[in-house]
Amino acid sequence: MSETASLAMISVQDLAFSYPKANFRLQVPGLKLAAREKVAIVGPSGTGKTTLLNLLAGLLIPQHGKIVIDDSPMTGLRDAARRRLRRRKLGFVFQDFQLIPYLTAYDNILHPYRLDPDARLTAEVRQRAAALAEAVGVSDRLKQLPRALSQGEKQRVAICRALIRSPRLLLADEATGNLDPENKTLILELLFRRVEDDGAALLAVTHDHGLLDRFDRVIDFADFRHSLNTTSEAQHA
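Residues numbered from 1 in each chain as written. Predicted model: local features only at pLDDT ≥ 70, side-chain atom pairs only at ≥ 80, totals over all residues. Heavy atoms only, no water.

## Details of the overall build of the chain
Right, on to step 1. Within the chain, the regular secondary structure consists of 8 helices and 9 strands.
Right, on to step 2. Taken against the 2.2 N^0.38 rule, which gives 18 Å for 237 residues, the C-alpha radius of gyration of the chain at 17 Å falls within 12% of a compact globule.
Right, on to step 3. In terms of its C-alpha atoms, the chain occupies a principal-axis envelope of roughly 50 × 45 × 40 Å.
Right, on to step 4. Considering the chain as a whole, with its 237 residues, one finds that 52% of them fall into the buried category.
Right, on to step 5. In the chain, once contacts between residues fewer than 6 apart in sequence are set aside, the share between residues at least 24 apart is 68%.
Right, on to step 6. As displayed, the chain has an accessible area near 11600 Å², and 47% of this comes from carbon and sulfur atoms.
Right, on to step 7. Each charge class in the chain was averaged separately, 33 positive and 28 negative side chains, and the resulting centres sit 8 Å apart. (Helix = DSSP H or I, 4+ residues; strand = E, 2+ residues; numbered from the N terminus. Rg over C-alpha atoms; globule rule 2.2 N^0.38 Å. Buried < 20%, exposed > 50% of the residue type's maximum accessible area, 1.4 Å probe, protein only. Contact = heavy atoms within 4.5 Å. Areas by Shrake-Rupley, 256 points an atom, 1.4 Å probe, with all protein chains shown as cover. Lys, Arg positive; Asp, Glu negative; His and termini not counted. Charge placed at Lys NZ, Arg CZ, Asp CG, Glu CD.)

## Here we look at the confidence of the model for the chain
Right, on to step 1. Averaged over the chain, the pLDDT score is 87; the fraction of residues at 70 or greater is 90%.
Right, on to step 2. When pLDDT is averaged over each element of the chain, helix α5 (residues 123-136) comes out on top at 95 and helix α8 (residues 232-235) at the bottom at 37.
Right, on to step 3. Low pLDDT, under 50, characterises residues 1-6; the stretch is placed with 7 contacts to residues that sit more than four places away or in other chains. (pLDDT = per-residue confidence, 0-100.)

## Structural notes on the side chain of Lys38
Right, on to step 1. Along the chain, Lys38 falls in strand β3 (residues 38-42).
Right, on to step 2. At 3.5 Å, the side chain of Lys38 and the backbone oxygen of Arg36 are in polar contact.
Right, on to step 3. Setting aside its immediate chain neighbours within four residues, Lys38 contacts Phe192, Val195, Glu196, Leu202, Phe215, Asp216 and Arg217. (Polar contact = N/O pair within 3.5 Å; in protein donor to acceptor, adjacent residues only side chain to side chain.)

## Let's talk about the nonpolar core
Right, on to step 1. Within the largest apolar cluster, 41 residues are counted, with the highest numbers of intra-cluster contacts made by Ile109, Leu191, Leu202 and Phe215.
Right, on to step 2. Elements represented by at least two residues in this core include exactly β3, α4 (105-115), α5, α6 (151-163), β7 (169-173), α7 (181-198) and β8 (201-205).
Right, on to step 3. Apart from residues lying up to four places away in sequence, Leu191 is in contact with Ile159, Leu163, Leu170, Ala175 and Leu202.
Right, on to step 4. Grouped together as the second largest cluster of nonpolar side chains are 32 residues, Leu52, Ile69, Met74 and Leu171 included. (Core = buried A, V, L, I, M, F, W, Y, C linked by side-chain atoms within 4.5 Å.)

## Points about the sheet that holds strand β9 (residues 217-220)
Right, on to step 1. Across the sheet, 5 strands lie side by side as β6-β7-β8-β3-β9; this open sheet has parallel pairing. Each having just a single partner strand, β6 (90-93) and β9 make up the two edges of the open sheet. Neighbour-to-neighbour, the strand axes of this sheet turn through a mean angle of 15°, independent of strand direction.
Right, on to step 2. Two elements, β6 and β7, share 4 bridges in a ladder whose sense is parallel. From the neighbouring strand, Gly91 faces β7, where its bridge partner is Leu170.
Right, on to step 3. Sheet strands touched by helix α2 (residues 49-56): β3, β6, β7 and β8. Its angle to β7, the strand with the most contacts, is close to 150°.
Right, on to step 4. Packing of helix α3 (residues 79-89) onto the sheet brings it into contact with β6 and β7, and relative to β6 it is tilted by some 85°. (Pairing = 2+ DSSP bridges. Axes fitted to C-alpha atoms, helices over the stretch in contact; angles between N-to-C directions.)

## Side note on α3
Right, on to step 1. Ala81, Arg82, Leu85 and Lys89 are the residues of α3 that are buried. Seen end-on, α3 carries its buried residues on one side only, within an arc spanning 100°.
Right, on to step 2. Looking at the buried positions of α3, the neighbouring elements they touch are β4 (64-69), β5 (72-73), β6 and β7. (Arc of directions from axis to C-beta.)

## Digging into the environment of Ala57
Right, on to step 1. Counting through the fold element by element, Ala57 comes out in the loop between α2 and β4.
Right, on to step 2. Setting aside chain neighbours within four positions, we find Ala57 in contact with Met74, Arg86, Leu90, Phe92 and Leu171.

## Examining the pattern of salt bridges
Pairing between side chains becomes possible if they bear opposite charge and their charged atoms approach one another.
Right, on to step 1. Applying the stated criterion to the full structure yields 14 salt bridges.
Right, on to step 2. Two residues, Arg87 and Asp116, come together in a salt bridge whose shortest N-O distance is 3.9 Å. Highlighted residues: Arg87 in helix α3 and Asp116 in the loop between α4 and α5, separated in sequence by 29 residues.
Right, on to step 3. Here Asp116 falls in the buried class, since its relative accessible area comes to 7%.
Right, on to step 4. Between Arg194 and Asp197 there is a salt bridge, and its shortest N-O distance comes to 3.4 Å. Of this pair, Arg194 and Asp197 both sit in helix α7, 3 residues apart, roughly one helical turn.
Right, on to step 5. Arg194 gets classed as buried once you look at its relative accessible area, which sits at 17%.
Right, on to step 6. By sharing partners, the salt bridges in this structure join Arg36, Lys38, Glu196 and Asp216 into a single network. (Salt bridge = Lys/Arg side-chain N within 4 Å of Asp/Glu carboxyl O.)

Right, here's the structure in full:
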């Protein structure tokens, strides 16, 4: 692994989080992802996989611990600072897509630029949006509102939105869950290519065990308290 690839894109230390009035507690003693590393998270529902992604994105605030994204601390920041860091460093593919219902597919893809007062929505950015849409097969659906899109089309639009700003960290919550086998392969290859080209890191929640051997590493949340170094080989043993 090169010196660039060995740099930690995500560093988590002594993280603890619990929901109020809920019998749930997530504890992460330590977790690191390197640049260009592609890591999958698997495990039963309710173990905290999505919660971890939300913590890394600054959408939830831990009760204890430290999160650093690309040398920038996420923990300890006020709301506005967390939003700025999220806009600059992260791309997030939500399990429920979270497309804005009154915006077209094209405008949903470009929305991260409109959220950031410091970002310029240039012709180059618009061309990038069109190229991403072409790559995932929704270029003919860009004028449609989300209600006119299939679940798979919504998913692919959400993926384009997550990639539009070339994020340093890509968080994906079941990014291929609503796709047929052909499109699963297409999307996974696109995500991996962007991670490699941009020197980013990918942390993906998935229930599709058929995809695990494509990742560099797999974390099994069923054993999370015991080990954070589960490999894809161990998953298939």
